[in-house]
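# Residue-level structure breakdown
Chain by chain, the residues:
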2 protein chains.
Amino acid sequence: MKDGPHIARVAALIGDNARADILTALMADRALTATELAGIAGVTKQTISGHLAKLLDAGLVEVDAQGRHRYFRLAGRDVAHLLESLMGVAFRTGAVRLRSSPREPALRKARVCYDHLAGELAVAAFEAMLMRGWFAARVGELSLTGAGRAAFEAIGVDVSVPGSSRRPVCRMCLDWGERRHHLAGGVGAALLQRMYAAGWAHRQKDSRVVVLSAEGEKAFREVFLLD
Amino acid sequence: MKDGPHIARVAALIGDNARADILTALMADRALTATELAGIAGVTKQTISGHLAKLLDAGLVEVDAQGRHRYFRLAGRDVAHLLESLMGVAFRTGAVRLRSSPREPALRKARVCYDHLAGELAVAAFEAMLMRGWFAARVGELSLTGAGRAAFEAIGVDVSVPGSSRRPVCRMCLDWGERRHHLAGGVGAALLQRMYAAGWAHRQKDSRVVVLSAEGEKAFREVFLLD
DNA sequence: AAGATGGTTCGGCTAGGATCGAACCATGAA
DNA sequence: TTCATGGTTCGATCCTAGCCGAACCATCTT
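Nothing here was measured: the structure is a model prediction, and the numbers come from that model.

We now examine the overall build of chain A. For chain A, the helix and strand inventory stands at 10 helices and 11 strands. Here chain A, with 227 residues, has 48% of them falling under the buried criterion. Long-range pairs, those at least 24 residues apart, make up 55% of the contacts in chain A with a sequence separation of at least 6.

A separate point is the protein's contact with DNA strand C. Taken together, 20 residues sit near DNA strand C, with Thr35 and Arg70 of chain A together with Gln46, His51 and Lys54 of chain B positioned nearest. The share of sugar and phosphate among atoms of DNA strand C within 4 Å of the protein is 70%. One of the side-chain nitrogen or oxygen atoms of Ser49 of chain A is found 2.6 Å away from a phosphate oxygen of DNA strand C. For the surface near DNA strand C, the secondary-structure elements that each account for two or more residues are α3 (34-41), α4 (45-58) and β3 (69-74) of chain A together with α2 (17-28) and α4 (45-58) of chain B. It is α4 of chain B that provides the largest number of residues to the surface near DNA strand C, a total of 4 residues. Split into classes, the residues belonging to the surface near DNA strand C amount to 3 nonpolar, 10 polar and 7 charged.

Right, let's get into helix α1 (residues 7-14) of chain B. α1 of chain B sits mainly inside the fold: 6 of its 8 residues count as buried. Of the positions making up α1 of chain B, those classed as buried are Ile7, Ala8, Val10, Ala11, Leu13 and Ile14 of chain B.

Structurally, the position occupied by Glu217 of chain A is in helix α10 (residues 214-225). With residues near it in sequence (within four places) discarded, Glu217 of chain A still touches Lys109 and Leu212 of chain A.

Moving on to the sheet that holds strand β3 (residues 69-74) of chain B. Residues and elements named next belong to chain B. As summarised here, the arrangement of the 3 strands in space is β1-β3-β2, forming an open sheet in which the pairing is antiparallel. Among the strands making up the open sheet, the edge pair consists of β1 (32-33) and β2 (61-66). Pairing geometry for β1 and β3, over 2 bridges, is antiparallel. The residue bridging Leu32 from the neighbouring strand is Phe72, located in β3.

Quick look at the protein's contact with DNA strand D now. Not every one of the 20 residues close to DNA strand D is listed here, only the nearest: Gln46, His51 and Lys54 of chain A together with Thr35 and Arg70 of chain B. The share of sugar and phosphate among atoms of DNA strand D within 4 Å of the protein is 68%. Separating a phosphate oxygen of DNA strand D from a side-chain N or O atom of Arg19 of chain A is a distance of 2.8 Å. Thr47 of chain A has a polar side-chain atom sitting 3.0 Å from a phosphate oxygen of DNA strand D. Secondary structure elements with two or more residues in the surface near DNA strand D: α2 (17-28) and α4 of chain A together with α3 (34-41), α4 and β3 of chain B. Ranked by residue count, the leading element in the surface near DNA strand D is α4 of chain A, at 4 residues.

Right, let's get into the sheet that holds strand β2 (residues 61-66) of chain A. Read across the sheet, 3 strands follow the order β1-β3-β2 (chain A) without closing on themselves; strand pairing throughout is antiparallel. Each edge of the open sheet is held by one strand with a lone partner, namely β1 (32-33) and β2 of chain A.

Here we come to the packing of aromatic side chains. Residues and elements named next belong to chain A. Taken as a whole and assessed by the stated rule, the structure comprises 10 aromatic pairs over all chains. Centroid distance Trp134 to Phe152: 5.3 Å. Interplanar angle 70°. Geometry classified as edge-to-face. Taken together, the residues span a long stretch of sequence, with Trp134 in the loop between α7 (120-131) and β6 (135-138) and Phe152 in helix α8 (residues 146-154) at a distance of 18 residues. Accessibility expressed as a relative area gives 8% for Trp134, which makes it buried. Three or more aromatic residues joined by ring pairs form one cluster here, namely Phe126, Trp134, Phe135, Phe152, Phe220 and Phe224.

Among the nonpolar cores identified, the biggest contains 68 residues, and Ile14 and Leu60 of chain A together with Ile14 and Leu60 of chain B are the most heavily contacted of them. Beyond its immediate stretch of four places on either side in the chain, Ile14 of chain B contacts Ile7, Ala8 and Ala11 of chain A together with Ala20, Leu23, Leu60, Leu82, Leu83 and Leu86 of chain B.

Residues and elements named next belong to chain A. Of the pairings in the sheet, the one linking β2 to β3 comprises 6 bridges and is antiparallel in character. Across the sheet, residue Asp64 finds its bridge partner in β3, namely Tyr71. Here β2 folds back onto β3, and the loop between the two strands holds 2 residues, one of which, Gly67, carries a positive phi near 60°.

What counts, and where the lines are drawn
- Residues numbered from 1 in each chain as written.
- Chains lettered and ligands numbered in written order.
- Predicted model: local features only at pLDDT ≥ 70, side-chain atom pairs only at ≥ 80, totals over all residues.
- Heavy atoms only, no water.
- Helix = DSSP H or I, 4+ residues; strand = E, 2+ residues; numbered from the N terminus.
- Buried < 20%, exposed > 50% of the residue type's maximum accessible area, 1.4 Å probe, protein only.
- Contact = heavy atoms within 4.5 Å.
- Near = heavy atom within 4 Å.
- Polar contact = N/O pair within 3.5 Å; in protein donor to acceptor, adjacent residues only side chain to side chain.
- Nonpolar A, V, L, I, M, F, W, Y, C, P; charged D, E, K, R; others polar.
- Pairing = 2+ DSSP bridges.
- Phe/Tyr/Trp six-rings, centres within 6.5 Å; stacked < 30°, edge-to-face > 60°.
- Core = buried A, V, L, I, M, F, W, Y, C linked by side-chain atoms within 4.5 Å.

What follows is the structure in structure tokens.
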């Protein structure tokens, strides 16, 4: 068995906790800097630097240098696909790191996932959005339709994407608690910001929990869930 | 970053040369004994036994005990799929072990890949199918068109997919020898079964080689290749 | 210019795990 | 029973690779 693609090499690369953390983080958020990744993986800068060098060398991630920052991202769709396959198997075989779904009801219901909303509410909302045709969904790709644009603008969400052109307007992000997708990308982030600004919700101190006010939840459900 | 499926665990499991050899061997051949696998991976019995215990424990492989033999096989379709993803990434990033294509002509021409046909014939046939519009191919997704359905039914291939609904009707599978795709999924498996049943081909004992009879090959070329 | 921050390189420490020799149990054949 | 074969368990060895401290370079700010 000396022939064939060298599976073990790339698998071993993913088979380290720190590097796996890097990759999953990059899967959720498109581009992160080395120090952010160090924080996420819980190791020092030197260590993360070494890991990133290996991932770069192996062609699993790519990098954009901007000033003194280096933004890392997954090298391609195939890597993201591979990671999802891994998650699927890990999930089936019960290899969940601790608990797959947060046990605190508040966390399960609504929480921050990097810069956008995740949790049951987010998943339900995203599915309703798809039903209403706000997005054109293809395999792993998502684009805003005219109806979607109008709907978001109607509630004051800025869909013009002020950020860099590198960042996709909208993306779906896998929610490992729910095993379903929710909205990420520029629009996802803008939506969460809008919810904060409108007083619908605020982020709980030192936690990923997003607390919805009574009126906030009512409004959210009316806009996104009720049919 | 403590939650989510424990990717690193399963990746690390595949990230060892001996275990990767085991898994790729099981992907090509359905069931192998421990000593056969030891020979393939080039390690001793004790070592392979330890590896197999780990793979079993992790739920990546399963075992059938028959007498004093233990036949190992992949635990499920998701594992096979994961391995394919790995091969794809490994291939793109140039991590090829040595030579990718089997040297025996018979193996190169037609062989079994899990449960469907692979090799030069399979690749050529799949490309002809695509040309004729039997499938609608999008990014990583494949669906049978009306024309395709009719064509398969005409030669007695059951495309109604009796299996579970989780299994995709048709998929493309990367042929590491050819670096091109061939047909997999429910239809791919059904096609191979049909070829066996029609007497076009039979599987060679103790080998992945698929032997086509003279009439079988003629019929195959007429149906799939000639234009 | 001085400081702060992002990132890399180098060297040494350490732990985890892959490997094998040897002994051992289980099954089937003579 | 005796022998051969398939497979596992245990213990010891050895090496890889992850990790951090310290020092360093690069970029941006004041």
